Amino acid sequence: SVLTVLPSKTYGEQLRREEAERAEKVYASLSEKDIEELKAANDRLHRWQQEPDSEEDTKTIPVLPLEEVSPEPLFTKTDVIEKDGVKVLFHAMPTNGIVHVNMYFALTDLAANELPAAGVTAQLLSKLPTKKHSVSELQKLITTYIGKLSFAVKASMKTPESCTPYFMASFSCLEENFAKASEIVSEILTETMFNEDKRIAEILLQIDEETKQRAIMAGHSFGAAA
């Protein structure tokens, strides 16, 4: 089944014309008395909208006393752990049993003209098969054990003079699924098969079309980012 939806250049004007015609018919059916009553009701509504709220009404609005607000910002304790030579930052926060993981891999060994390719690679991950699983099998595992999964190239700027590009892998999962989710993400990062040229071409065409559509629908965000 193929459904094609074509926009109309005249539909908006048609709706406005129909609305004007309905309004004219309703107005023509009103007596002088009806018209005066409508004008009076509209005047009463306008006066009511302009009237300030009474002190009794404003007192019914809930207000949080300043003494209940701490002047100090909420501080989240960060534990620094060294795991197999890798620095891990752990933030103990109430997350209702959900674990959020962000992994950063420095891309300082890549030349500037190679970074766009790294960005494309990030968009291919999880959409290609791995050495152990087909695409459909991989998607089933992700759906079963991972709530959120994304890969991207980001930049971190510590000073105006220095900027470090990172490859970022992020995922969220239930605490009881953490071991399995970590295994799946590790498999995607280290065992993805990049030899399916046809599928990669299809994915890239899809990404290209999605980017064009985002530029059309939200061009202001592209301008702000630039």
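Quantities reported herein were computed from a predicted structural model and do not represent experimental measurements. Here the residue numbering is sequential within each chain, running from 1 through the sequence in written order. Owing to the predicted nature of the model, reporting of local features is limited to residues with pLDDT of at least 70; listing and counting of side-chain atom pairs is limited to 80 or more, with chain, interface and lining totals taken over all residues. Calculation of side-chain values draws on the structure's entire complement of heavy atoms; hydrogens and water are dropped beforehand.

1. As for the pairing of strand β2 (residues 86-91)
Move 1: Two strands are counted as paired when DSSP detects at least two bridges linking them. Secondary structure elements follow DSSP: runs of H or I no shorter than four residues count as helices, runs of E no shorter than two count as strands, and numbering proceeds from the N terminus. In this sheet, β2 lies alongside strand β1 (residues 78-83) in antiparallel orientation, the contact comprising 6 bridges. Residue pairing in the sheet places Asp79 in a bridge with Phe90 of β2.
Move 2: Between β1 and β2, which follow one another and run antiparallel, lie 2 residues, and Asp84 among them has a positive phi close to 55 degrees.

2. Observations concerning a nonpolar patch on the surface
Move 1: Patch membership requires more than 30% relative accessible area and the absence of a salt bridge. Residues of like charge join within 9 Å; the nonpolar side chains Val, Leu, Ile, Met, Phe, Trp and Tyr join within 5 Å. Computed with the Shrake-Rupley method and a 1.4 Å probe, the accessible areas treat only the protein chains shown as cover for residues. The working definition used for a salt bridge is a side-chain nitrogen of Lys or Arg within 4 Å of a carboxyl oxygen of Asp or Glu. Taken together, the side chains of Ile81, Val86, Val88 and Phe90 present a nonpolar region at the surface, about 330 Å² in accessible area.
Move 2: For the nonpolar patch, the element with the highest residue contribution is β2, accounting for 3 residues.
Move 3: In this structure Val88 comes out as partly exposed when scored by relative accessible area, which is 35%. We call a residue buried when its accessible area falls under 20% of the maximum for its residue type, exposed when it is over 50%, and partly exposed in between, using a 1.4 Å probe and counting protein chains only.

3. Brief notes about the nonpolar core
Move 1: Side-chain atoms within 4.5 Å link the members of a nonpolar core, which is a set of buried Ala, Val, Leu, Ile, Met, Phe, Trp, Tyr and Cys residues. Counting 18 residues, the largest nonpolar core has Ile142, Ile146, Phe151, Phe167, Phe171, Ile184 and Ile188 as the members making the most contacts within it.
Move 2: Where this core is concerned, the elements lending two or more residues are α4 (115-124), α5 (135-145), β5 (162-174) and α6 (178-191).
Move 3: Contact definition: two residues touch when any of their heavy atoms are within 4.5 Å. Those residues in contact with Ile188, other than ones at most four positions away along the chain, are Leu125, Ser126, Thr130, Leu138, Ile142, Leu149 and Phe151.
Move 4: Grouped together as the second largest cluster of nonpolar side chains are 5 residues, Leu124, Leu128, Ile203 and Ile207 included.

4. A look at the sheet that holds strand β3 (residues 98-106)
Move 1: Strand order in the open sheet formed by 3 strands is β3-β5-β4, with antiparallel pairing between adjacent strands. The open sheet has two free edges, formed respectively by β3 and β4 (148-159), since each of these has just one partner strand. Strand-to-strand twist of the sheet, defined as the mean angle between neighbouring strand axes without regard to direction, takes the value 30 degrees.
Move 2: Structural elements are reduced to axes, namely lines fitted to C-alpha atoms, with helices fitted over the stretch in contact, and the angle between N-to-C directions of any two is expressed from 0 to 180 degrees. Strand contacts of α4: β4 and β5, with the helix running at about 150 degrees to β4, the strand carrying the most contacts.

5. Brief notes about the environment of Met193
Move 1: Counting through the fold element by element, Met193 comes out in the loop between α6 and α7 (197-217).
Move 2: Owing to a relative accessible area of 27%, Met193 belongs among the partly exposed residues under this scheme.
Move 3: Considering only alpha carbons, one finds Met193 and Leu124, 69 residues apart in sequence, at a separation of 10 Å.
Move 4: Apart from residues lying up to four places away in sequence, Met193 is in contact with Leu128, Pro129, Thr130 and Lys131.

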